[in-house]
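Descriptive analysis of the structure
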Amino acid sequence: MGYFADEFQKYFVSRTSRRSPLIHRGYCVRSQAVGHCIKEFLRDTEDCTHRQVLSLGCGFDSLYFRMCGNLGVEGSTCFWEVDFPAVVKRKRQVIEGTEDLKKMLGEKSDYNGSAPGYSVLLSEDYKLLGVDLGDIAALDSALDSAGLRWNCPTLVLAEVVLCYMDPTRSTNVIGWAARRFPHSRFVLYEQFSPCDPFGQVMMNHFVSLNSALRSVTAYPLLEDQERRFLQEGWEKCHVL
């Protein structure tokens with residue numbers, strides 16, 4: 001619909017859907033907000049010899065291909081993506097079956113983690129891992145086995161992901177990231193304010209899809225999210 005530019009999403013989406021202008025504007029704001037945070041991180045770390053973007057619950061996002069195509073960050077920046085093994089398997093099949101995407105990856109090799117079930121695609125600056133975010137030990141092991149650098153500047157991205165998880169498990173992810181990445185930022189984008197009229201419609205919508213937003217009622221206000229991050233070990237937190 002032209003709300004924002006993404007020349008690679010066509011490879012991952014089989015059909016287009018018309019939604020109301022309000023929904024389209026919401027997705028546009030989401031794209032702009034997350035894109036702003038990523039570009040700010042890349043700008044602030046441009047003098048670093050190596051930096052990482054770790055996308056948790058990446059789905060079929062085309063982030064790596066958009067960033068490499070538009071910002072020229074190949075070489076010094078490595079993009080890591082994690083999602084359920086079934087999702088990663090499908091995404092890997094799309095990438096391997098699309099010549100334009102394969103060309104951007106360059107040389108790649110398969111990698112088998114130390115635990116069974118990891119579906120992984122590796123290239124020099126793009127890593128795709130299949131692992132359940134609810135299992136912190138498995139997540140940590142998979143990333144470590146695949147060669148993630150824990151001490152270099154890292155942006156951890158959770159874009160409408162943790163809200164679907166059990167509140168305790170999603171908060172554990174935030175605390176794990178604070179402990180494991182000493183030089184990092186965590187970008188969280190998700191719903192809040194479930195009790196106002198819009199929030200009630202939103203919550204009912206996701207329940208009807210059998211995909212309830214499980215963490216939103218535990219952290220309904222902006223200050224709840226701020227408190228959540230500070231309690232889990234982050235030095236500062238800014239919430240909009």
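Above: the structure in question.
For the structure given in this document, a descriptive report is provided here. (Residues numbered from 1 in each chain as written. Predicted model: local features only at pLDDT ≥ 70, side-chain atom pairs only at ≥ 80, totals over all residues. Heavy atoms only, no water.)

Some thoughts on the overall build of the protein chain
- Assigned secondary structure in the protein chain consists of 8 helices and 7 strands.
- Each principal axis of the C-alpha distribution contributes one length, and for the protein chain these read about 50 × 40 × 40 Å.
- Relative to its full complement of 240 residues, the protein chain shows a buried share of 45%.
- In the protein chain, the share of contacts with a sequence separation of at least 24, taken over all contacts with a separation of at least 6, comes to 73%.
- Accessible surface for the protein chain amounts to roughly 13000 Å². Of this, 50% is attributable to carbon and sulfur atoms.
- The average position of the 27 basic charges and that of the 30 acidic charges among the side chains of the protein chain differ by 5 Å. (Helix = DSSP H or I, 4+ residues; strand = E, 2+ residues; numbered from the N terminus. Buried < 20%, exposed > 50% of the residue type's maximum accessible area, 1.4 Å probe, protein only. Contact = heavy atoms within 4.5 Å. Areas by Shrake-Rupley, 256 points an atom, 1.4 Å probe, with all protein chains shown as cover. Lys, Arg positive; Asp, Glu negative; His and termini not counted. Charge placed at Lys NZ, Arg CZ, Asp CG, Glu CD.)

A look at the packing of helix α5 (residues 136-145) against helix α6 (residues 167-180)
- At their nearest, the axes of α5 and α6 sit 11 Å apart, and the two run at 40° to each other. For the element pair α5 / α6, the angle class is oblique. As for how α5 packs across α6, the hand of that crossing is right-handed. Contacts between α5 and α6 involve Ile 136, Leu 139, Asp 140, Leu 143 and Asp 144 on the former and, on the latter, Asn 172, Val 173, Trp 176 and Arg 180.
- Tallied by class, the residues present in the contact of α5 with α6 amount to 5 nonpolar, 1 polar and 3 charged. (Axes fitted to C-alpha atoms, helices over the stretch in contact; angles between N-to-C directions. Parallel < 35°, antiparallel > 145°, perpendicular 65-115°, else oblique. Left-handed = near helix turned anticlockwise from the far one by under 90°. Nonpolar A, V, L, I, M, F, W, Y, C, P; charged D, E, K, R; others polar.)

Quick word on the packing of aromatic side chains
- Under the defined criterion, the tally for this structure stands at 13 aromatic pairs.
- Ring centres of Trp 150 and Phe 181 lie 5.1 Å apart, and the angle between their planes is 45°; this geometry places the pair in the tilted category. Note that Trp 150 is positioned in the loop between α5 and β6 (154-159) and Phe 181 in the loop between α6 and β7 (184-189), a separation of 31 residues in sequence.
- Judged by relative accessible area, which is 2%, Phe 181 ranks as buried.
- Connected via pairs of aromatic rings, a cluster forms that spans Phe 8, Phe 12, Tyr 64, Phe 65, Phe 79 and Tyr 126. (Phe/Tyr/Trp six-rings, centres within 6.5 Å; stacked < 30°, edge-to-face > 60°.)

Regarding the pattern of salt bridges
- Applying the stated rule across the entire model yields 9 salt bridges.
- The partner of Arg 66 in a salt bridge is Asp 6, and the shortest N-O contact between them spans 3.4 Å. With a gap of 60 residues between them, Arg 66 in helix α2 (residues 63-71) and Asp 6 in the segment before α1 (21-44) connect regions that are remote in the sequence.
- Across the pair Asp 224 and Arg 227 runs a salt bridge, and its minimum N-O distance is 3.0 Å. One end of the pair, Asp 224, and the other, Arg 227, are both in helix α8 (residues 222-231), 3 residues apart, so they sit about a helical turn from each other.
- You can call Arg 227 partly exposed: its relative accessible area is 42%. (Salt bridge = Lys/Arg side-chain N within 4 Å of Asp/Glu carboxyl O.)

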